[in-house]
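Remarks on the overall topology
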Amino acid sequence: MPDTTEGIVAPVPIAPEPAAASSSAPASETAPVLETAPVLATAPVPDPDGRLELPVAGEWKRVSPRYVVVEIVGTVIFGLVLCAGATALWLLAEVSWAPIVLALIVVVTLIVVLFEPRRVRSIGYQLRQDDLLFRRGIMFQRFVSVPYGRMQLIDVTRGPVARWLGLADLKFVTAAASSGVLVPGLAFDDAEALRDRLVELAESRRAGL
């Protein structure tokens, strides 16, 4: 009896306790702890700015190069309207600063026309597993993700210049009207095929398939 009380009270059994735990616990219980190391090593690591670099699956599809003509025509027409207004102020109202405004309008219009090809090349879209990702912009890029299940209206529109070039714009609106996205400059056949595909994906997502 004295021997058993000494075995319980004395601090000597501290060393055998790890051996007893290791003998009673199977080796498989400690394996998952060791296997988590490679998973943590492959997790996304923030860049110096604190943002996570997430991989984007798929390939960006650009709009038709002929869409540059549509943008240039629209920019030139808008510039001519502004020039006409500035000229009217100069000749009819005899406003002294109207020639300066006229010169600025001409310079800005020429700069915008020169950047139109680069701006059109920046427009692209990508069909992912659950949503459509759209991007545009040079200096200030905009990325919009539209889930298939939230698409309510998918429309194909064509202006006079776009119709002459065989192009069309694809517009789809979600439950929030402010989140509508317009993919411009698509070939008419591609726009119709993409519209049918998006309608199919939207119906399947809403049905929960």
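One structure accompanies this document, and this report is about it.

The rules behind each value
- Residues numbered from 1 in each chain as written.
- Predicted model: local features only at pLDDT ≥ 70, side-chain atom pairs only at ≥ 80, totals over all residues.
- Heavy atoms only, no water.
- Helix = DSSP H or I, 4+ residues; strand = E, 2+ residues; numbered from the N terminus.
- Buried < 20%, exposed > 50% of the residue type's maximum accessible area, 1.4 Å probe, protein only.
- Contact = heavy atoms within 4.5 Å.
- Areas by Shrake-Rupley, 256 points an atom, 1.4 Å probe, with all protein chains shown as cover.
- Expected span 1.5 Å × (residues − 1).
- Arc of directions from axis to C-beta.
- Polar contact = N/O pair within 3.5 Å; in protein donor to acceptor, adjacent residues only side chain to side chain.
- Pairing = 2+ DSSP bridges.
- Axes fitted to C-alpha atoms, helices over the stretch in contact; angles between N-to-C directions.
- Core = buried A, V, L, I, M, F, W, Y, C linked by side-chain atoms within 4.5 Å.
- Phe/Tyr/Trp six-rings, centres within 6.5 Å; stacked < 30°, edge-to-face > 60°.
- Lys NZ or Arg CZ within 6 Å of the ring centre and 35° of its normal.

**Section: the overall build of the protein**
Secondary structure assignment for the protein yields seven helices and seven strands. Overall, the protein shows an N-to-C arrangement of helices and strands of α-α-α-β-α-α-β-β-β-β-α-β-β-α. The proportion of buried residues among the 209 residues of the protein is 27%. Intrachain contacts of the protein at a sequence separation of at least 6 include 47% that bridge at least 24 residues. Just so you have it, the protein exposes about 14,400 Å², and 66% of that area is on carbon and sulfur atoms.

**Concerning unusual backbone geometry**
Phi at E94 takes a positive value of approximately 55 degrees, unusual for a residue other than glycine. With respect to the helices and strands, E94 occurs in the loop between helix 4 (67-91) and helix 5 (98-121).

**Focus: helix 7 (residues 188-206)**
With 19 residues, helix 7 should cover 27 Å at 1.5 Å per step; its first-to-last C-alpha distance of 27 Å lies within 8% of that length. Restricting attention to buried positions, one finds in helix 7 the residues A191, L194, L198, L201, A202 and S204. Take helix 7 and look down its axis: the buried residues cluster within an arc of 160 degrees, on one side only.

**What to know about the environment of Y125**
Looking at the secondary structure, you find Y125 in strand 2 (residues 124-127). Taking the C-alpha atoms as reference points, Y125 and E59, separated by 66 residues in sequence, lie 8.6 Å from one another. Sequence-distant contacts of Y125, that is, excluding residues within four places in its chain, are made with E59, W60, K61, L132, L133, F134, V183, L186 and L194.

**Some details on the side chain of E116**
Looking at the secondary structure, you find E116 in helix 5. Residue classification places E116 among the buried positions, given a relative accessible area of 2%. One polar contact links E116 to T75, side chain to side chain, over a distance of 3.0 Å. Those residues within four positions of E116 in sequence are excluded, and the remaining contacts are E71, I72 and T75.

**Focus: the sheet that holds strand 6 (residues 167-174)**
Hydrogen bonds between backbone atoms are what pair the strands of a sheet, whose relative direction is either parallel or antiparallel. Judged by pairing direction, the sheet is antiparallel, and its three strands sit side by side in the order 5-6-7 without closing on themselves. Looking at which strands have only one partner, the edges of the open sheet turn out to be strand 5 (151-157) and strand 7 (181-187). Neighbour-to-neighbour, the strand axes of this sheet turn through a mean angle of 20 degrees, independent of strand direction. As defined by bridge partners, strand 5 adjoins strand 6 across six bridges and the pair is classed as antiparallel.

**Quick look at the pairing of strand 6**
Burial analysis of strand 6 places seven of its eight residues in the buried class, which makes it a mostly covered element. Across five bridges, strand 6 lies against strand 7 in antiparallel orientation. Across the sheet, L170 pairs through a bridge with V183, a residue of strand 7.

**Remarks on the sheet that holds strand 2**
Pairing is antiparallel in the open sheet, where four strands are placed in the order 1-2-3-4. Each end of this open sheet is capped by a strand with a single partner; those strands are strand 1 (61-62) and strand 4 (142-147).

**Let's talk about the nonpolar core**
Grouped together as the largest cluster of nonpolar side chains are 29 residues, with contacts concentrated most on L132, M151, L170, F172, V183, L186 and L198. Residue assignment for this core shows that the elements contributing at least two residues are helix 4, strand 3 (131-136), strand 4, strand 5, strand 6, strand 7 and helix 7. With five residues, helix 7 is the largest single contributor of residues to this core. Setting aside its immediate chain neighbours within four residues, L132 contacts Y125, Q126, L127, V144, S145, V146, Y148, M151, F172 and L198.

**Focus: the packing of aromatic side chains**
According to the stated counting rule, one finds one aromatic pair in the structure shown. Above the ring of W60, the side-chain terminus of R135 is found at 4.4 Å from the ring centroid. Between the NZ or CZ atom of R158 and the centre of the ring of F188, over which it lies, the distance is 4.2 Å.

**Brief notes about the side chain of T109**
In this fold, T109 is placed in helix 5. The residues contacting T109, other than those within four sequence positions of it, are T75 and G79.

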